[in-house]
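# Survey of secondary and tertiary structure
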Amino acid sequence: MNDLTPSPAGPADSRVPVVLDVWCELQCPDCLSALDDLRALRERYGAQLDVRLRHFPLEKHRHAFAAAQAAEEAAVQGAGQAYAEAVLARVEELDRRGEPVLLEVARELGLDADEFETALIDGRHILVVDADHAEGKAIGVTGTPTYVIDGERLDGGKSQDGLRARIEEIADRLLAGA
């Protein structure tokens, strides 16, 4: 399991954080739309909510698998969240231009683009991406974004309407019981 989007350090709290898995792909316009909700959730809950980006590259997006591998390399280099958000902000460009966009984003963020290129060639992160995808399929993920919190799967691919409120309702209940 990877952790590309760690929650910021919030107020000291001894409670175990609530985990929100976000099954996402970095060439998905709907995942781009979900970013505002994810930012709002991180802001509200701080360290009490562990938002974890999980890879679910869809076949219809031909650069999604490479983007997921690149995101893993960004996480290794300490910039997973920033990288994922920067790539999502360029989904249309990624669709048109492909992998060069992934390397450009790495350079723009001050990451080692040569290492990104090597990682994409040698496939060092394929197993992580494949494992996320397999786990997503096993729990019924069919599209992105899909959220899983406390065992409940919420599909954001059709509409984001009401999902943040439902996630907050579940997180509040879990935190109240902790």
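Everything numeric here is computed off the predicted structure, so don't read it as measured data. (Residues numbered from 1 in each chain as written. Predicted model: local features only at pLDDT ≥ 70, side-chain atom pairs only at ≥ 80, totals over all residues. Heavy atoms only, no water.)

## Digging into the pairing of strand β3 (residues 146-149)
We count it as follows: Exposure is judged per residue with a 1.4 Å probe applied to protein chains only, and the accessible area is read against the type maximum: over 50% gives exposed, under 20% gives buried, and values in between give partly exposed. Helix and strand assignments come from DSSP, with helices taken as H or I runs of at least 4 residues and strands as E runs of at least 2, each series counted from the N terminus. DSSP calls a pair of strands paired once it identifies at least 2 bridges connecting them.
Covered by surrounding structure in β3 are Thr146 and Val148 together with Tyr147 and Ile149, the residues of both alternating faces. In this structure, strand β1 (residues 18-24) lies alongside β3, joined through 4 bridges in antiparallel fashion. Residue pairing in the sheet places Trp23 in a bridge with Thr146 of β3. By the bridge criterion, 4 bridges tie β3 to strand β4 (residues 152-155) in an arrangement that is antiparallel. Note on β4: the bridge partner recorded for Thr146 is Asp155. Hairpin geometry of β3 and β4 is characterised by an intervening segment of 2 residues between the two adjacent antiparallel strands and by a positive phi of about 50° at Asp150.

## What to know about empty space enclosed by the protein
Left-over empty space is what a probe sized like a water molecule reveals as it rolls over the atoms. Quick reminder of the rule: Cavity: a set of points on a 1 Å grid over the protein atoms alone where a 1.4 Å probe fits but cannot get out. Pocket: an open set with protein on both sides within 12 Å along at least five of seven lines, its lining residues, like those of a cavity, having an atom within 4 Å of a point. Grid points are joined across faces, edges and corners, and a volume is the space filled by probe spheres set on the points. Residue type decides the class: Asp, Glu, Lys and Arg count as charged, Ala, Val, Leu, Ile, Met, Phe, Trp, Tyr, Cys and Pro as nonpolar, and the leftover types, Gly among them, as polar.
The tally for this structure, following the rule as stated, stands at 2 cavities of 30 Å³ or more. Contributing to the lining of the largest cavity are 15 residues, with Cys24, Leu35, Leu38, Leu53 and Leu88 lying nearest its centre. Among the elements of the structure, β1, α1 (29-45), β2 (49-55) and α3 (80-88) are those that each provide at least two residues to the lining of the largest cavity. Of the residues that constitute the lining of the largest cavity, the class distribution is 11 nonpolar, 2 polar and 2 charged. By volume, the second largest cavity is sized at about 40 Å³. Residue lining of the second largest cavity: Cys24, Glu25, Leu26, Leu53, His55, Phe56, Pro57, Ala64, Ala67 and Ala68, and that is the complete set. Elements supplying a minimum of two residues to the lining of the second largest cavity: β2 and α2 (64-76). Take the lining of the second largest cavity: its biggest share by element is 3 residues, from α2. For the lining of the second largest cavity, the per-class residue count stands at 8 nonpolar, 1 polar and 1 charged.

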